[in-house]
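Remarks on the overall topology
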Amino acid sequence: MRNYIKRAAAAVLTGIMTVTLAGNVLADETTDFEEALQASYDIVPDTNNIQGWPQGPHVYGGSAIVMDMDSGAVLYGKKADERHYPASITKILTALVALENSKPDDEVYFSEDSVSFLEYGDASIGMTPGEILSMNDALYGMLLASANEVSYAIAESVGKQMGGGYDTFIQEMNDRSAELGCTGSHWTNANGLHSDQHYTTARDMALIASAAYQFEEFRTVTQTLNYTIGATNLVGESRTFQQNHKMLWEGGYYYYEYCTGGKTGYTDQSRTTLVTMADNGDLQLVAVFLQDDGDVYTDTRAMFDYAFANFSKVSLKDQPKAEGVRSYEDENAYVLLPSGIGFSSLENEVAITDEKEAAGEVTYYYEGQNVGSAAVTLTPEYVRERTGYDATPQITGNDNTEEAAQKEAAGLPLPIKVLIGVGVAVLLIFIILYGAAGYQLAKRRRLGLERARRRRQTGRVSPARQNTARQSPARRYAAHQSPTRQGPARQRPASSRSGRTSRQISRQSPQRRVRRDGG
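Computed from a predicted model, the values in this text were never measured in an experiment.

A separate point is a nonpolar patch on the surface. Residues Ile420, Val424, Leu427, Leu428, Phe430, Ile431 and Tyr434 make up a contiguous nonpolar surface patch of roughly 750 Å² in combined accessible area. Among the structural elements, leucine 428 can be located in helix H12 (residues 414–458). For leucine 428, a relative accessible area of 49% corresponds to the partly exposed category.

Quick look at the packing of helix H2 (residues 90–101) against helix H7 (residues 202–212) now. It is at 9 Å that the axes of H2 and H7 come closest, and there the two elements cross at 40°. When the axes of H2 and H7 are compared, the pair comes out oblique. Every pair of crossing elements has a handedness; the one defined by H2 and H7 is left-handed. From H2, Ile92, Leu93 and Leu96 reach across to H7, where they touch Met205, Ile208, Ala209, Ala211 and Ala212. Here the contact of H2 with H7 is built from residues that sort into 8 nonpolar, no polar and no charged.

Where burial is concerned, most of H7 is hidden: 9 out of the 11 residues are buried. Along H7, the residues that are buried comprise Ala202, Asp204, Met205, Ala206, Ile208, Ala209, Ser210, Ala211 and Ala212.

Our next topic: a negative patch on the surface. Residues Glu29, Asp32, Glu34 and Glu35 make up a contiguous surface patch of negative charge. With respect to the helices and strands, aspartate 32 occurs in helix H1 (residues 2–42).

What follows covers the nonpolar core. Within the largest apolar cluster, 58 residues are counted, with the highest numbers of intra-cluster contacts made by Val150, Ile154, Val275, Val286 and Val288. With residues up to four places along the chain from it excluded, the contact list for valine 150 reads Phe110, Ile125, Met127, Ala138, Gly141 and Met142.

As for its placement among the helices and strands, threonine 300 is situated in helix H9 (residues 296–310). Taking the relative accessible area as the measure of exposure, threonine 300 reaches 0% and is therefore buried. Excluding anything up to four places from it in sequence, threonine 300 contacts Met247, Leu274, Thr276, Ala287 and Phe289.

What follows concerns unusual backbone geometry. One non-glycine residue, glutamine 291, adopts positive backbone phi at about 50°. The residue alanine 358 is not glycine, and still its phi comes out positive at about 55°. In this fold, alanine 358 is placed in the loop between strand E13 (347–354) and strand E14 (359–366).

Relative to the helices and strands, glutamine 55 resides in the loop between H1 and strand E1 (63–68). Judged by relative accessible area, which is 53%, glutamine 55 ranks as exposed. Spatially, the C-alpha atom of glutamine 55 lies 8.6 Å from that of tyrosine 306, the residues being 251 residues apart in sequence. Each residue touching glutamine 55, except ones within four places of it in the same chain, is listed here: Asn48 and Tyr306. Among the polar contacts made by the side chain of glutamine 55, one reaches the main-chain carbonyl oxygen of asparagine 48 at a distance of 2.9 Å.

Before going further, it helps to examine the pairing of E1. Across the 6 residues that make up E1, a large majority, 6, are buried. A two-sided burial pattern is seen for E1, the buried positions comprising Ser63, Ile65 and Met67 on one face and Ala64, Val66 and Asp68 on the other. In this sheet, strand E2 (residues 74–78) lies alongside E1 in antiparallel orientation, the contact comprising 4 bridges. Among the inter-strand pairings, isoleucine 65 is bridged to a residue of E2, identified as glycine 77. Joining the antiparallel neighbours E1 and E2 is a turn of 5 residues, in which glycine 72 adopts a positive phi near 80°.

The next point concerns the packing of H2 against helix H5 (residues 148–161). Contact geometry of H2 with H5 gives a least axis separation of 10 Å together with a crossing angle of 30°. For the element pair H2 / H5, the angle class is roughly parallel. Read as a crossing pair, H2 and H5 show a hand that is left-handed. Where H2 abuts H5, its residues Lys91, Thr94, Ala98 and Asn101 lie against Asn148, Ser151, Ile154, Val158 and Gln161. For the contact of H2 with H5, the residue count by class is 3 nonpolar, 5 polar and 1 charged.

Strand order in this open sheet of 4 strands is E11-E15-E14-E13, and the pairing throughout is antiparallel. This sheet does not close on itself; its edge strands, each paired only once, are strand E11 (325–328) and E13. The mean inter-strand angle of the sheet, taken between neighbouring strand axes irrespective of direction, is 40°. The pairing of E14 with strand E15 (residues 369–378) spans 8 bridges and is classified as antiparallel. Bridged to glycine 360 within E15 is valine 376. Contacts between helix H10 (residues 380–387) and the sheet are confined to E11, E13 and E15, with E13 contributing the most and set at about 85° to the helix.

One pair of aromatic rings is described through two measures. These are the centre distance and the angle between the planes. For the structure shown, the criterion picks out 16 aromatic pairs. When the centroid spacing of 5.9 Å and the interplanar angle of 80° are considered together, the rings of tyrosine 306 and phenylalanine 311 count as edge-to-face. For tyrosine 306, a relative accessible area of 7% gives the class buried. What links up through ring pairs into an aromatic cluster is the set Trp53, Tyr76, Tyr306, Phe311 and Tyr366. Residue placement shows arginine 219 over the ring face of tyrosine 213; its charged tip is 5.8 Å from the ring centre. Sitting over the ring of tyrosine 334, lysine 313 keeps its end group 4.6 Å from the ring centre.

Rules behind the numbers
- Residues numbered from 1 in each chain as written.
- Predicted model: local features only at pLDDT ≥ 70, side-chain atom pairs only at ≥ 80, totals over all residues.
- Heavy atoms only, no water.
- Patch = residues over 30% accessible without salt bridge, like charges linked within 9 Å, V, L, I, M, F, W, Y side chains within 5 Å.
- Areas by Shrake-Rupley, 256 points an atom, 1.4 Å probe, with all protein chains shown as cover.
- Salt bridge = Lys/Arg side-chain N within 4 Å of Asp/Glu carboxyl O.
- Helix = DSSP H or I, 4+ residues; strand = E, 2+ residues; numbered from the N terminus.
- Buried < 20%, exposed > 50% of the residue type's maximum accessible area, 1.4 Å probe, protein only.
- Axes fitted to C-alpha atoms, helices over the stretch in contact; angles between N-to-C directions.
- Parallel < 35°, antiparallel > 145°, perpendicular 65-115°, else oblique.
- Left-handed = near helix turned anticlockwise from the far one by under 90°.
- Contact = heavy atoms within 4.5 Å.
- Nonpolar A, V, L, I, M, F, W, Y, C, P; charged D, E, K, R; others polar.
- Lys, Arg positive; Asp, Glu negative; His and termini not counted.
- Charge placed at Lys NZ, Arg CZ, Asp CG, Glu CD.
- Core = buried A, V, L, I, M, F, W, Y, C linked by side-chain atoms within 4.5 Å.
- Polar contact = N/O pair within 3.5 Å; in protein donor to acceptor, adjacent residues only side chain to side chain.
- Pairing = 2+ DSSP bridges.
- Phe/Tyr/Trp six-rings, centres within 6.5 Å; stacked < 30°, edge-to-face > 60°.
- Lys NZ or Arg CZ within 6 Å of the ring centre and 35° of its normal.

By themselves, these figures tell us nothing about what the structure is for.
Set out below in structure tokens:
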């Protein structure tokens, strides 16, 4: 009995010690988490260190940025170029590539590969191999429900349309992000499930989101609250899902009146990631958070409020142009500046994007901070000085007159081209008809002459009467009186056959001459 009591006491003591140790570990972990979270919050935003720049709010995210989607101006930044795992905000880039390479009614086919990789807990809308969705429905499933199998199927289907497959689409994701100016990103899948080689930066995501936002289809999908996909070729039931971004739900705690869309993300490795778009009627902004363990929606609102309150547009057409700039493609181009900073304080950088078209882009900076860029037309002198290419229009004289005329005609409006074409066609038809009529007239004339010739040769009278008709009245009388003198054997040479001289012949009446000459 005594041994039993001892064993029971030992077991109770062991349990107490285990619970105590576990509690201490949990307390330590909680303390470590809270300390790390506070440490992240205490990091001063990089833009707060710019002289004369408005002081922005502290936020919990490891990286954060606010960018103007039209000009590219960066209004707020905290470790914006630090690499992090993006999680499901990857799907914004997937949507961009899909929208640029497909149509809304294209078919998205769900292969075995697009479904079999899913693991327990992965976001999904329960698609099965062999099912088909329209691209439009698939975009809703990917961006609202964050369905990972839909992301895969979109990439695989669009990749096939591009002449390859899933890997072709992933390569296009990397190429497209590089074209947008992303320098810290690498993409290995279309959904954002964790991979050590799948990463991005807050600045890169802002560039990607700005490009996707230009598509009306993207804006429509990302601000929708509820959507239903109807029955498919294999499943007779519909699927309904909701918007996950809390700032879009009116009446909700995090609702933000200027929010126009966004995308959420989370994995154990990435922590919370969030992309949000907002429009106050004057500015269209995008905010990005990476590796956030705090109140990401509250921080997003704080950054938007800061940007809307402290920056205003300065029209470029009212300011001196940068060297080499002839004109702006958009006459409403602008930079964003806080109060107290004048345009004269800015530096600029001009890049040539197409030397043949003298096209380029000018970007303005304040203390190294991008405050806006615009597409421009450059002067030929600037292009020639920088590249050696002469963009000045060349006039070379008569040798190129025809070529110049062809180029000028090629630039005419379509209605004018149609009228010219009709006129040419009518002229050709007239020429053909006129030629045919002339040919018929000439043909009839030839036939008439031929008949006349044959009449002269054969006549409508006997050879004897033809011969008699050529004789003078005296000879015809003599021949009539002496029939034996008729016939070719007794005729004189043609020069005296008529019994008259040439002078006598010339004195014949006009009627007689006409009959000889014209038959």
